[in-house]
Amino acid sequence: MGRIKDGNMKKTNVIKAEKLTKKFGDFTAVNAITFEVKKGEIFGFLGANGAGKTTAMKMLIGISTPTSGDAEVAGFDVYKNAEAIKKNIGYMSQKFALYDDLTVKENITFFGGIYGLSRTQIKEKRTQLINELGLQEVTNELVASLPLGWKQKLAFSVALLHEPKIIFLDEPTGGVDPITRRQFWEMIYKTAHNGTTVFVTTHYMDEAEYCDRVSIMVDGKIEALDTPKELKKQFKVDSMNDVFLKLARG
Amino acid sequence: MSIKIEHISKSFKEVSALKDISFEVKEGELFGLIGPDGAGKTTLFRILTTLLIADKGTASVAGYDAVQNYKDIRNHVGYMPGRFSLYQDLTVEENLEFFATIFGTTIEENYDLIKDIYVQIEPFKNRRAGKLSGGMKQKLALSCALIHKPKVLFLDEPTTGVDPVSRKEFWEMLKRLQQKGITILVSTPYMDEAALCDRIALIQDGKILEIDTPEAIINHYPKKIYDIKADKMYELILSLNAYEYNHSVYPFGEFVHYTDKRDDFNPQDLIQFLKTKGLQHITIQETETTIEDTFMELAR
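Residues numbered from 1 in each chain as written. Chains lettered and ligands numbered in written order. Predicted model: local features only at pLDDT ≥ 70, side-chain atom pairs only at ≥ 80, totals over all residues. Heavy atoms only, no water.

(A) Here's a closer look at the confidence of the model for chain B. Averaged over all residues, the pLDDT of chain B is 94; the fraction at 70 or higher stands at 100%. Here the complex is predicted with pTM 0.86, and the ipTM for its interfaces comes to 0.81. (pLDDT = per-residue confidence, 0-100.)

Next comes the structure, spelled out in structure tokens:
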């Protein structure tokens, strides 16, 4: 994607993993993965169910200590500064994002508080966010009553409240209707355009094509890592879906 | 007809989940219900499997009325709900035996039907269901839904959250089941799976947008779609959205799918416009319509 060529912005690495490994007893869930993610990059983290994506992601966001290997996220070491990592990243998953029985306004205020924003900052951000998403009419509605697509867009914005350096998105668009899914990706593009790194997992292979670079995990290892264009060339196929099928089916 | 749905409506308090739905599924057909979360797919499944009664309208499955003959329906259909609902504390084999027993049959009697699927999890037959991986749970659930040799199989989002490889394998299994004469109604939010069904219904907000074969639905699409590419994706989307003649602008993989309001659209005009916006390496070419394009056009 063209943005890689733009200026110097992309040169800094915001994620560095070296031989990062996680074992559970005899089972090696993540097997010595090495990769780097640059500032402002949209990085697709793909793999079959059970390939080790979630375990790898948990180590990167500072909630699981690696068995061996090294990783630095947003400039902090995953062993020594896990707490600092949590403050400098945003995280959103399909399974947990917002509190259903709080209103839109309450959710924003609550997460703003968790992220350590001041009252004034929260108020400012809240107004901005509600206007941008066009949620003026539902600010006092419970999040439970919102359509899934709105919830996901709101959750994404909430995860960006504290202006993190990196946002981790774990299957953010599962089950969302196709129009909203695309609006969601426009938000991702915009976020990356503003310099925030986006680290995203997905099972939609057309979404893999939207990423600047993509890694594919198979049985705990990263078996491929490149731009979608290069991967398609390397595997001599026309789509990321076929790249995925070739790799994961062996 | 294997499934007959006539003017079904269902509301939950103020939320109207299904609005006057009618369609039929033929015997032996693989019929897809395609739509996002909240479209009403699960509500319809629950009505057809007699777990829920519609406010209005009638439905029949395998010739039995969904209200009057609900017990007959239960004996003749298999249902795999979206959420894993087997007994987590029973082993793989115990679950299967349990379902065989309550339907008055044995694993041996219908082993033939589930063999292809069950052999893949048989090595783990003494493992508790709760300890299985997602893919294995899915195979066990399907085996349990088939063990009484149902006439009609209901699968509610069997592939949601499942990776492309396992999704492909699952559809191959469905095709084989169809060949054994089972009618299948399957729902999915993945538009690419629509092409694998004999006929599909596109559903959103409790309403059917269209019902037909996947090919026919694609052919009904009213416009020419163009694949557009340029050096900067985000700027390309913004510029296309700002173009006064755009009818629709949707990112599609490495391209943007674009349709124009004018019948005499000339791609060269658009290239010129995009150049003034500072974009480079612009390509525009006609492309084939997909089910997803059609869905988005109908849902607008």
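Following the structure, the description resumes.
(B) Representation of the interface of chain B and chain A. Each partner contributes to the interface: chain B provides 33 residues, whereas chain A provides 33 residues. Summing both partners gives a buried area of about 2,800 Å² for chain B against chain A, and 61% of it is carried by carbon and sulfur. Linking chain B with chain A are 3 salt bridges. Arginine 182 of chain A is paired through a salt bridge with glutamate 292 of chain B; the nearest N and O atoms lie 3.0 Å apart. Here chain B is connected to chain A by 6 residue pairs in polar contact (both at pLDDT 80 or more). For the side of chain B that touches chain A, the elements supplying multiple residues, two or more each, are α6 (164-179), α8 (233-242), β12 (246-252) and α10 (291-299) of chain B. Here the residues of the side of chain B that touches chain A sort into 16 nonpolar, 5 polar and 12 charged. (Contact = heavy atoms within 4.5 Å. Buried area = accessible area lost by both parts, 1.4 Å probe. Salt bridge = Lys/Arg side-chain N within 4 Å of Asp/Glu carboxyl O. Polar contact = N/O pair within 3.5 Å; in protein donor to acceptor, adjacent residues only side chain to side chain. Helix = DSSP H or I, 4+ residues; strand = E, 2+ residues; numbered from the N terminus. Nonpolar A, V, L, I, M, F, W, Y, C, P; charged D, E, K, R; others polar.)

(C) Looking closely at the packing of aromatic side chains. According to the stated counting rule, one finds 25 aromatic pairs over all chains in the structure shown. Where tyrosine 243 of chain B meets phenylalanine 273 of chain B, the ring centres are 4.6 Å apart and the plane angle is 45°; that geometry is what we call tilted. Of this pair, tyrosine 243 of chain B sits in the loop between α8 and β12 while phenylalanine 273 of chain B sits in helix α9 (residues 267-276); the two residues are 30 residues apart in sequence, bridging distant segments of the chain. Taken as a pair, tyrosine 243 of chain B and phenylalanine 273 of chain B share a single burial class, namely buried. Grouping aromatic residues by their ring pairs yields a cluster made of Tyr226, Tyr243, Tyr245, Tyr258, Phe265 and Phe273 of chain B. Lying across the ring of tyrosine 204 of chain A, arginine 181 of chain A places its NZ or CZ 3.8 Å from the centre. Cation over ring: lysine 137 of chain B sits above phenylalanine 84 of chain B, and NZ or CZ is 5.2 Å from the ring centre. (Phe/Tyr/Trp six-rings, centres within 6.5 Å; stacked < 30°, edge-to-face > 60°. Buried < 20%, exposed > 50% of the residue type's maximum accessible area, 1.4 Å probe, protein only. Lys NZ or Arg CZ within 6 Å of the ring centre and 35° of its normal.)

(D) Up close: the domain arrangement of chain B. Residue and element names in this part refer to chain B. Along its sequence, chain B is carved into domain 1 (3-219) and domain 2 (225-299). The straight-line distance from the C-alpha centre of domain 1 to that of domain 2 is 38 Å. Taken together, the contact pairs 14 residues of domain 1 with 8 residues of domain 2. Regarding the contact of domain 1 and domain 2, the summed buried area is about 910 Å², with carbon and sulfur atoms giving 81% of it. On the domain 1 side of the contact with domain 2, Met191, Leu209 and Ile218 bury the most area, a combined 58% of that side's loss. Summed over the shared surface of domain 1 and domain 2, the result is 0 salt bridges. Across the domain 1-domain 2 interface, the total number found is 0 residue pairs in polar contact (both at pLDDT 80 or more). Among the elements of the structure, β9 (199-204), β10 (207-212) and α7 (214-219) are those that each provide at least two residues to the side of domain 1 that touches domain 2. (Domains from an automatic or database assignment.)

(E) Quick look at helix α8 (residues 228-235) of chain A. All names here are of chain A. Residues Pro228, Leu231, Lys232 and Phe235 constitute the buried set of α8. One face of α8 carries all of its buried residues, which in axial projection span an arc of 100°. Of the exposed residues in α8, those oriented more than 90 degrees away from the buried face are Lys229 and Lys233. On the buried face of α8, the contacting elements are α7 (205-208), β9 (213-218), β10 (221-226) and α9 (240-249). Trailing α8 by a residue or two, lysine 236 shows a phi angle of about 55°, which is positive. (Arc of directions from axis to C-beta.)

(F) The arrangement of the side chain of glutamate 193 of chain B in detail. All names here are of chain B. In this fold, glutamate 193 is placed in the loop between β8 (183-188) and β9. For glutamate 193, a relative accessible area of 2% translates into the label buried. Here tryptophan 171 takes part through its side chain, which lies 3.2 Å from a polar atom of the side chain of glutamate 193. The residues contacting glutamate 193, other than those within four sequence positions of it, are Thr159, Arg167, Trp171 and Thr188.

(G) Quick look at the pattern of salt bridges. Using the criterion set out here, one finds 21 salt bridges over all chains in the structure. Taking the shortest distance from any N to any O, the salt bridge between arginine 213 of chain A and glutamate 41 of chain A comes out at 2.5 Å. With arginine 213 of chain A in strand β9 and glutamate 41 of chain A in the loop between β2 (27-38) and β3 (42-47), this pair connects stretches of sequence that are 172 residues apart. On the basis of relative accessibility, which here comes to 1%, the residue glutamate 41 of chain A falls in the buried class. Taking the shortest distance from any N to any O, the salt bridge between arginine 182 of chain A and aspartate 206 of chain A comes out at 3.8 Å. Linking arginine 182 of chain A in helix α6 (residues 178-193) with aspartate 206 of chain A in helix α7, this pair joins segments that are 24 residues apart in sequence. By relative accessible area, which is 2% here, arginine 182 of chain A ends up buried. Several salt bridges converge on common partners, so that one network encompasses Arg181, Arg182, Asp206 and Glu207 of chain A together with Glu292 of chain B.

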